[in-house]
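Listed here are the chains, written in short residue letters.
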Amino acid sequence: MIMSVDYTKYKEFVNEVTSLQSKEHEAFVYRVQELEGEGFPTERLLTAAVGMCAEAGEFTEVIKKTVFQGKPVTEENLFHLKRELGDIMWYVMQACMGLDTTLDEIVEMNVEKLKARYPGGQFDVHYSENRKEGDL
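How each quantity is defined
Residues numbered from 1 in each chain as written. Predicted model: local features only at pLDDT ≥ 70, side-chain atom pairs only at ≥ 80, totals over all residues. Heavy atoms only, no water. Helix = DSSP H or I, 4+ residues; strand = E, 2+ residues; numbered from the N terminus. Rg over C-alpha atoms; globule rule 2.2 N^0.38 Å. Buried < 20%, exposed > 50% of the residue type's maximum accessible area, 1.4 Å probe, protein only. Contact = heavy atoms within 4.5 Å. Areas by Shrake-Rupley, 256 points an atom, 1.4 Å probe, with all protein chains shown as cover. Lys, Arg positive; Asp, Glu negative; His and termini not counted. Charge placed at Lys NZ, Arg CZ, Asp CG, Glu CD. Patch = residues over 30% accessible without salt bridge, like charges linked within 9 Å, V, L, I, M, F, W, Y side chains within 5 Å. Salt bridge = Lys/Arg side-chain N within 4 Å of Asp/Glu carboxyl O. Disulfide = S-S within 2.5 Å. Phe/Tyr/Trp six-rings, centres within 6.5 Å; stacked < 30°, edge-to-face > 60°.

Chemist: For this particular structure, what's the right way to read the overall build of the protein?
Modeler: Broken down by element type, the protein carries seven helices and zero strands. In the protein, the order of α-helices and β-strands from amino to carboxyl end is α-α-α-α-α-α-α. Rg of the C-alpha trace for the protein: 21 Å, well past the compact-globule value of 14 Å for 136 residues, more than 25% over. For the protein, buried positions account for 17% of its 136 residues. Counted over contacts in the protein with a minimum sequence separation of 6, partners at least 24 positions apart contribute 42%. Here the protein displays about 11300 Å² of accessible surface, and carbon together with sulfur accounts for 58% of that area. Here the protein contributes 15 positively and 25 negatively charged side chains, and the mean placements of these two sets differ by 6 Å.

Chemist: Explain a nonpolar patch on the surface to me, please; I cannot follow it from the model alone.
Modeler: On the surface, a cluster of nonpolar side chains totalling about 620 Å² of accessible area is made up of Val5, Tyr7, Tyr10, Phe13, Val14 and Val17. Following the sequence through the fold, tyrosine 7 ends up in helix 1 (residues 7-16).

Chemist: Teacher, can you tell me more about the environment of leucine 103 here?
Modeler: Take leucine 103: it is sitting in helix 6 (residues 103-117). A residue is classified by how much of its surface remains accessible, and leucine 103, at 30% relative accessible area, is partly exposed. Measuring from C-alpha to C-alpha, the distance between leucine 103 and valine 92 comes to 8.5 Å, with 11 residues separating the pair along the chain. For leucine 103, the contacting residues outside a window of four places in its chain are Met89, Val92, Met93 and Cys96.

Chemist: In this structure, what is going on with the state of the cysteines? I would like to understand it.
Modeler: Think of a disulfide as a covalent bridge from one cysteine sulfur atom to another cysteine sulfur atom. All chains considered together, the criterion is met by zero disulfides. Not part of a disulfide, cysteine 53 finds its nearest cysteine sulfur in cysteine 96, a span of 16 Å. Take cysteine 53: its relative accessible area is 60%, and that puts it in the exposed class. According to the relative accessible area criterion, cysteine 96 is buried, its value standing at 3%.

Chemist: Teacher, can you tell me more about unusual backbone geometry here?
Modeler: Leave glycine aside and you will find that most residues have negative phi; peptide bonds, for their part, are mostly trans. You will see that aspartate 100, though not glycine, has its phi angle at about 50 degrees, which is positive. Mapped onto the elements, aspartate 100 comes out in the loop between helix 5 (75-98) and helix 6. Overall, the relative accessible area of 72% leaves aspartate 100 in the exposed class.

Chemist: What is the right way to read the packing of aromatic side chains from this model?
Modeler: Aromatic rings in a pair are described by how distant their centres are and how their planes are angled relative to each other. With the rule as written, the count across this model stands at three aromatic pairs. Aromatic pair tryptophan 90 and tyrosine 91: ring centres 4.9 Å apart, planes at 80 degrees, arrangement edge-to-face. Summarising the aromatic geometry, the rings of tyrosine 118 and phenylalanine 123 are spaced 5.5 Å apart at their centres and angled 45 degrees between planes, so their arrangement reads as tilted.

If you want it as C-alpha cells, here you go:
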C-alpha cells in the first residue's frame, strides 16, 4: 500500500515537537546563559559533540566504501582511517576538558560499566538486550 504524505502537516508536526531553544535564537542564547551559570561549558561540549559526529561520519564513510563498494584495503586507506580516528580523539579530548575529566577516568568508568553488564566478563546477547535499570 502506497501512503501519501502531507509534508505541510509533517512540517507543522516537526515544528510542534521541537524545543524552543532549537527554534528561537533568544531562547537558545538564554539557555546557554543558564548553563553558563551552572558551570556547564556549552561551547566546549558542543564543539566536541558536533566534531565527534562529523569525524565519525568520515571514518564510517571509509568503512562503508571498503565493505560495500569494493574500496581496497591499502596502507593508504588504513592510514586514512587512523587519521580520522585521531580527529575523533581530538574531539574526545575536548569533551574530557569540558567535563573536567581524563581519558583514564573515562576508560575506567567504561570497564566498570561493562563488567557490571556482563557478569563473568563475556559478551552475552541476553545482557546486551536486557539491561538493568540505570544501565544506559
